[in-house]
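# Analysis of the macromolecular model
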Amino acid sequence: NGKIAFSWSNQIVLLDPDSGLILKHNTLPSGDAPPMDTNFKHMTVAPDGTLIMKDQTRPKGCTLQGSMAIIKCAAEEGMKQPNSVLVAVNPDTLEVLDMFQLPEPASSPHIVTMHDGKIAIYIGMNTSARRYFWDPAAKKISADESWVIYPMQKGQTTATAPTMMGQWVAFQ
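Below or above, wherever it landed, is the structure these notes cover.

Rules of the game
- Residues numbered from 1 in each chain as written.
- Predicted model: local features only at pLDDT ≥ 70, side-chain atom pairs only at ≥ 80, totals over all residues.
- Heavy atoms only, no water.
- Salt bridge = Lys/Arg side-chain N within 4 Å of Asp/Glu carboxyl O.
- Helix = DSSP H or I, 4+ residues; strand = E, 2+ residues; numbered from the N terminus.
- Buried < 20%, exposed > 50% of the residue type's maximum accessible area, 1.4 Å probe, protein only.
- Pairing = 2+ DSSP bridges.
- Axes fitted to C-alpha atoms, helices over the stretch in contact; angles between N-to-C directions.
- Patch = residues over 30% accessible without salt bridge, like charges linked within 9 Å, V, L, I, M, F, W, Y side chains within 5 Å.
- Areas by Shrake-Rupley, 256 points an atom, 1.4 Å probe, with all protein chains shown as cover.

For side chains of opposite charge, pairing can occur when their charged atoms come near one another. Counted under the stated rule, the structure contains six salt bridges. Residue Glu76 pairs with Lys72 through a salt bridge whose shortest N-O separation is 3.7 Å. Within this pair, Glu76 and its partner Lys72 are both found in helix H1 (residues 66–76), separated by four residues, close to a single helical turn. Accessibility expressed as a relative area gives 34% for Lys72, which makes it partly exposed.

Right, let's talk about the sheet that holds strand E9 (residues 118–124) for a bit. The sheet built from four strands is open, its strands ordered E8-E9-E10-E11 with antiparallel pairing. Each having just a single partner strand, strand E8 (111–115) and strand E11 (140–149) make up the two edges of the open sheet. Taken over all neighbouring pairs, the strand axes of this sheet differ in orientation by 35° on average, direction set aside. Where E8 and E9 come together, five bridges link them in antiparallel fashion. Note that in E9 the partner of His115 across the bridge is Lys118.

This part is about a nonpolar patch on the surface. Side chains of Ile4, Phe6 and Trp8 sit close together on the surface and give an oily, nonpolar patch of about 290 Å² of accessible area. Given a relative accessible area of 41%, Ile4 falls into the partly exposed group.

An order of E1-E2-E3 is seen for the three strands of this open sheet, with the pairing classed as antiparallel. A single partner strand is all that each edge strand has here, and the edge strands are strand E1 (4–8) and strand E3 (22–27). Recorded for the sheet is a direction-independent mean angle of 20° between the axes of neighbouring strands.

Following this line, the structure appears as structure tokens:
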């Protein structure tokens, strides 16, 4: 719509591209994580225009900021990182259309593409990689239980952001 959607923490705003003024504001749901430990830094736009967003969660009790909180507190100190959430947001009103509690933390960005005529969302998580579908008619996010992989070997952590390579989805 020509306006700029911007999110941080558990907040989202719609900005006027000419003046920078905030036109709309909303608070995003944090699911199982405390709101102060969520960061909706991963935003994509689905083919229908819906904003598909996923939060990165900070380990409970950690006071560090950004990715260093995950690296230092979760990976090095073993603090528990809450599970992430996936949300669908109306790009014009910023209304949260649906929220889906993910089964584990997902610290890397996600991607959105089409698969068999459906809007598919691929997410790398701490131990698995999964596919979800966004149905704009029903305004629902659903898990594709037939597409769950476990790419991590012992001692490895968190799948990286997925990328499409033709008909393949790749994780590093």
